[in-house]
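# Structure assessment
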Amino acid sequence: MLNGRSVAGFGDFASLRADFIKAREATKFTGDVYQDNVGIPTVDFGYALLIKNKAGTFSVNSKIQSDLGDVYTLSQADTTLLTKIADLLTKREGELALAAKAMKAGDKDGYAAHTASAQSYLDQAEANFDNRAIDTLDLSIDETKADYLLNLAVDRNIKTAGLVTRLNSPELANTFEAIAISDIVYNSPALAGKAFKGYLDAGDRLGAWREILIGMNGKNVKGLENRRIEEAKEFGLYSHGTPDAPETAHDDGGGEALNTFRYLLVNEKAVTAKFTASGLGKNQTAKFWEASYAPAKAELIALFGQGQQSLKDVVMPATDNGEAVLIGAKAKVDTLVVTGLGNDTVTDKSDGTHNNLIFVRGDHATLTGGLLADKSDRAYFSNRDIAASITLDAQQHAVADDGLIYDYNAAAKKLTISDGAGGSVTINKFVSGDFGVTIAHDQSVKLTFDEFSTGTAITDQFQDKGIVFADGAQLAGDGANPTSPVLSGSPIFVGEIKATFVDPASGKTIGVKEFQLDAGYFDAIRSTELVWYSTTGKVLGRLTNTQSGIQHFDVVAKGDALIGGWAIHTIGDEPSGFAIDNVQFDLPGAPPPHDLTGELLVL
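Residues numbered from 1 in each chain as written. Predicted model: local features only at pLDDT ≥ 70, side-chain atom pairs only at ≥ 80, totals over all residues. Heavy atoms only, no water.

### Section: the packing of helix 5 (residues 143-160) against helix 7 (residues 176-187)
Between two packed helices, what matters for the description is the angle formed by their axes and the separation of those axes. Relative orientation of the contacting elements helix 5 and helix 7 amounts to 85°, with a least axis distance of 9 Å. Here helix 7 runs roughly perpendicular to helix 5, going by the angle between their axes. From helix 5, Leu150, Ala153, Val154, Asn157 and Ile158 reach across to helix 7, where they touch Ser182, Val185 and Tyr186. Looking at the contact of helix 5 with helix 7, its residues break down into 6 nonpolar, 2 polar and no charged. (Axes fitted to C-alpha atoms, helices over the stretch in contact; angles between N-to-C directions. Helix = DSSP H or I, 4+ residues; strand = E, 2+ residues; numbered from the N terminus. Parallel < 35°, antiparallel > 145°, perpendicular 65-115°, else oblique. Contact = heavy atoms within 4.5 Å. Nonpolar A, V, L, I, M, F, W, Y, C, P; charged D, E, K, R; others polar.)

This is how it looks when you write it as structure tokens:
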């Protein structure tokens, strides 16, 4: 049986239930008799003087007199009028059934005739009620009696629906869920069908919630839409909290939030298709479905967001069968990606200016690095922070302090991180720095230009690290760059920046296999070009910036070629100029001892 959320501390159950139903009935208390929208004479709040039988016929409510007690005595004229209205509504029901058959058969004329006849019977029922004698159905009750009649009718409908045992159980008695169910059966006992009861018995909150919202408005009746939405809110998606502030249990590891988010995700397409009117967009049900993600998103960010306050959206695969997960495909905001239990592949499709945090749970996930990874993207594995910096041994292998094992295939540019217990993460197109992981080879170099003050001219200050810069390079502060200070050309943010890789000891030009740098802040795309040269000055390749903001460049020489230097300069209009930062490269290994065999030694 489904466990409900107790109303204890929020008020008396009977009063809360009555207030909720009265709000759904949307009638202002008058105490007088009125006709509802289908012509049934009714007393506040929704107490019907006629009942609809299973056969589709209407008859006088046999319990009127006992329910009203000494407040009112039903006269013969009252009974005669109610019987006449019941007969007219029964005839109307028959005409509506014939109209439905005619529509199904494609008989437009028959449909029109039966529909008109049904309306005629309703008009007659309303006329009989409106033109009754002044002392006929001259019924008036106070609000206390109206509440009594409402609760009486609710309890009868609960019995008719076969829900007495369930709603009196320890799990559902005096709960918000029981209030929602009471309103449902007050509207119509038949709504609580076999499927809904099955969900309650199985403890399937999500299934029951969807049945209220969707199944109980299968014909997408606009007049019922808001009532179903309010009932779904009252029933709730979560086993904790109130309808106004649903929240998940923090001690379940986020399981309820994960399951709810995925359930909404899996069923969203079908719901949107069903509740979207052609040319009019999504109706209230579809919009409510989308809004229902919010509590799950907030909970997942709180549990798995590692304290990052900027995260605004959550992306998750719909199944555990291994899926392609796109970051930024919908929302262009900082995103938490919670991978599934299968072999999910995560690719960043955002514009590169939004940071993403990938929380890997389960067996395996494949991430994409390189140009498709924002440099501030982070990854967490089994709720452990992937190491910010690791030093690889000769086999490209390392064991971090937290026990994670790192294997890097430099040729394939693939990094695999495993926990030693069967779980793993693979980052394809890996570039040092992707997802917070920095490869720290024994001879790796990274220049952040923090050693000197802004305004300093930079030439050979970094020769001992294996690089020198041509005249004109200078340090500058840049408020648009999060890693300021930066290296600029001359004039500042306009001039070319040129560098040569050198032997730290002799200063002679040497070649490297790969280098990386960050450049920007770009205001225009394809405004700036990075060129790299061989050790003899031959141009080996060119790249232009493909995005605005800060762009990471990773250059690898093809084949046996080695890179002796590079230059970066504008080739088009770049309104605010550019600078560089975070220059990285690996120095070649020390040369072997000189071999004197076969040489002539001259003294």
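### Overview of the packing of helix 11 (residues 255-274) against helix 13 (residues 293-304)
Packing of helix 11 against helix 13 brings their axes to within 9 Å, and their N-to-C directions diverge by 135°. Between helix 11 and helix 13, the interaxial angle falls into the category oblique. Crossing hand, helix 11 versus helix 13: left-handed. Two secondary-structure elements touch here, helix 11 through Ala257, Leu258, Phe261, Leu264, Leu265 and Glu268 and helix 13 through Tyr293, Ala296, Lys297, Glu299, Leu300 and Phe304. For the contact of helix 11 with helix 13, the class distribution of residues is 9 nonpolar, no polar and 3 charged. (Left-handed = near helix turned anticlockwise from the far one by under 90°.)

### Here we look at the nonpolar core
Leu163, Phe196, Trp209, Phe235, Leu300 and Leu336 are the most contacted members of the largest nonpolar core, which totals 84 residues. Element by element, the count of residues in this core is highest for helix 7, at 8 residues. Ranked by size, the runner-up nonpolar core spans 32 residues in total, among them Phe462, Phe501, Phe515 and Ile563. (Core = buried A, V, L, I, M, F, W, Y, C linked by side-chain atoms within 4.5 Å. Buried < 20%, exposed > 50% of the residue type's maximum accessible area, 1.4 Å probe, protein only.)

### So, the pattern of salt bridges
Two side chains that carry opposite charge are able to pair once their charged atoms sit near each other. This structure, assessed with the given rule, holds 17 salt bridges. The residue Arg205 makes a salt bridge to Glu177 at a minimum N-O spacing of 2.9 Å. Placement of Arg205 in helix 9 (residues 205-213) and of Glu177 in helix 7 is noted, with a sequence separation of 28 residues between them. Here Arg205 and Glu177 have matching classes, each one buried. Between Arg228 and Glu231 there is a salt bridge; the shortest N-O distance is 2.7 Å. Here Glu231 and Arg228 lie together in helix 10 (residues 222-235), a separation of 3 residues that amounts to about one turn. Relative accessible area serves as the criterion here: at 0%, Glu231 is assigned to the buried category. One connected set of salt bridges, linked through shared partners, spans Asp19, Lys22, Glu143 and Asp147. (Salt bridge = Lys/Arg side-chain N within 4 Å of Asp/Glu carboxyl O.)

### Focus on the packing of aromatic side chains
All told, the structure shown has 13 aromatic pairs when counted by the stated rule. With centroids separated by 5.2 Å and ring planes inclined at 65°, the aromatic side chains of Phe261 and Tyr293 adopt a geometry described as edge-to-face. With Phe261 in helix 11 and Tyr293 in helix 13, this residue pair connects regions lying 32 residues apart in the sequence. Given the relative accessible area of 8%, Tyr293 is considered buried. A centroid spacing of 5.8 Å and a plane angle of 80° characterise the contact between Phe452 and Phe462, whose relative ring orientation is edge-to-face. Of this pair, Phe452 sits in the loop between strand 24 (444-447) and strand 25 (467-469) while Phe462 is found in the loop between strand 24 and strand 25, placing the two residues 10 residues apart along the sequence. Residue Phe462 is classed as buried on the basis of its relative accessible area, which comes to 2%. Members of the aromatic cluster, joined through ring pairs, are Phe449, Phe452, Phe462, Phe469, Phe501, Phe515, Trp566 and Phe585. Above the face of the Phe20 ring, Arg24 is positioned so that its terminal group lies 4.4 Å from the ring centre. Above the plane of the ring of Phe129 lies Arg132, whose end atom (NZ or CZ) is 4.2 Å from the centre. (Phe/Tyr/Trp six-rings, centres within 6.5 Å; stacked < 30°, edge-to-face > 60°. Lys NZ or Arg CZ within 6 Å of the ring centre and 35° of its normal.)

### With respect to the sheet that holds strand 3 (residues 47-48)
Neighbouring strands of a sheet are bound in pairs by backbone hydrogen bonds; such pairs are parallel or else antiparallel. Across the sheet, 3 strands lie side by side as 1-2-3; this open sheet has antiparallel pairing. The sheet is open, and its two borders are formed by strand 1 (33-35) and strand 3, each paired with just one other strand. (Pairing = 2+ DSSP bridges.)

### Some thoughts on the sheet that holds strand 30 (residues 528-533)
Strand order in the open sheet made by the 5 strands is 25-28-33-30-31, with antiparallel pairing throughout. Strands with a single pairing partner mark the edges of an open sheet, and in this sheet they are strand 25 and strand 31 (539-544). Within the sheet, the average angular offset between the axes of one strand and its neighbour, ignoring direction, is 20°. Pairing of strand 30 with strand 33 (residues 565-570), which is carried by 6 bridges, proceeds in the antiparallel orientation. Of the residues in strand 33, the one forming a bridge with Trp532 is Trp566.

### A few points about the environment of Phe359
Looking at the element boundaries, Phe359 is found in strand 14 (residues 356-360). Residue classification places Phe359 among the buried positions, given a relative accessible area of 5%. Distance in space between the C-alpha atoms of Phe359 and Arg384 is 9.1 Å, their sequence separation being 25 residues.

### Points about the confidence of the model for the protein
Reading predicted coordinates in detail is not appropriate for stretches of low pLDDT. Looking at the protein as a whole, the pLDDT averages 84, with 89% of positions reaching at least 70. Low pLDDT, under 50, characterises residues 589-603; the stretch is placed with 3 contacts to residues that sit more than four places away or in other chains. (pLDDT = per-residue confidence, 0-100.)

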